[in-house]
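Below are the chains, spelled out letter by letter.
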Amino acid sequence: DSTYAEKGILTGEIYDEAGAPVSRARVSFKSAANSSDTLQTVRSNREGVFVKTLIPPGRWNVEIAAAGYRTVLFDTIELKKGDHLRRTITMRPGK
């Protein structure tokens, strides 16, 4: 399907400082070029894994938030056509 070839994918694992998975973390995407351009939010599963498909090429700011943890922000992840990027995130306790 050419739709998938034209888009990017971001996958990742979210852990706490002790290495335990963080489930139900909210992963949000906003365009770095136009902050009103957002994508559907995804959540991590019980193993702390998230997958976001069909991300248009471009530069994206990615925010990870979970109850009881400090929010993590990745400024400007750049995705090109067909990219499949993977990130491992460690979240710290706090607000």
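Model, not experiment: these values are computed from the prediction.

## Some remarks on the confidence of the model for the protein
This prediction gives the protein a mean pLDDT of 91; 96% of its residues lie at or above 70. At the low end of the mean pLDDT range in the protein sits helix 1 (residues 2–6), at 69; at the high end sits strand 1 (residues 8–16), at 95.

## Notes on the environment of R86
For R86, the location among the structural elements is in strand 7 (residues 84–91). The class for R86 is exposed, based on a relative accessible area of 57%. Note: C-alpha distance between R86 and L10 (76 residues apart in sequence) is 5.7 Å. The residues touching R86, leaving out its near neighbours within four places in the chain, are L10, T11 and E13. In terms of polar contacts, R86 uses its side chain to reach the side chain of E13, at 2.4 Å.

## Remarks on the pairing of strand 3 (residues 38–43)
Bridge count for strand 2 (residues 26–31) against strand 3 is four bridges, and the pairing is antiparallel. Residue pairing for strand 3: V27 is matched across the bridge by V42. What sits between strand 2 and strand 3 in their antiparallel hairpin is a turn of six residues.

## Quick look at the sheet that holds strand 2
Pairing is antiparallel across the open sheet formed by four strands, whose spatial order is 3-2-5-6. What marks the edges here is a single partner per strand, and that holds for strand 3 and strand 6 (72–79). Across the sheet, the axes of successive neighbouring strands diverge by a mean angle of 20 degrees, strand direction being ignored.

## So, the pattern of salt bridges
With the rule as written, the count across this model stands at four salt bridges. Note that K81 is salt-bridged to E6, the shortest N-O span being 3.7 Å. Of the two residues, K81 is situated in the loop between strand 6 and strand 7 and E6 in helix 1; the sequence distance between them amounts to 75 residues. On the accessibility criterion, K81 (54% relative accessible area) is exposed. The class for E6 is partly exposed, based on a relative accessible area of 40%.

## Focus on the side chain of S28
Mapped onto the secondary structure, S28 falls in strand 2. Looking at S28, its side chain comes within polar contact range of the side chain of T41, at 3.5 Å. S28 has contacts with T41, N61, V62 and E63, leaving out every residue within four places of it along the chain.

What counts, and at which threshold
Residues numbered from 1 in each chain as written. Predicted model: local features only at pLDDT ≥ 70, side-chain atom pairs only at ≥ 80, totals over all residues. Heavy atoms only, no water. pLDDT = per-residue confidence, 0-100. Helix = DSSP H or I, 4+ residues; strand = E, 2+ residues; numbered from the N terminus. Buried < 20%, exposed > 50% of the residue type's maximum accessible area, 1.4 Å probe, protein only. Contact = heavy atoms within 4.5 Å. Polar contact = N/O pair within 3.5 Å; in protein donor to acceptor, adjacent residues only side chain to side chain. Pairing = 2+ DSSP bridges. Axes fitted to C-alpha atoms, helices over the stretch in contact; angles between N-to-C directions. Salt bridge = Lys/Arg side-chain N within 4 Å of Asp/Glu carboxyl O.

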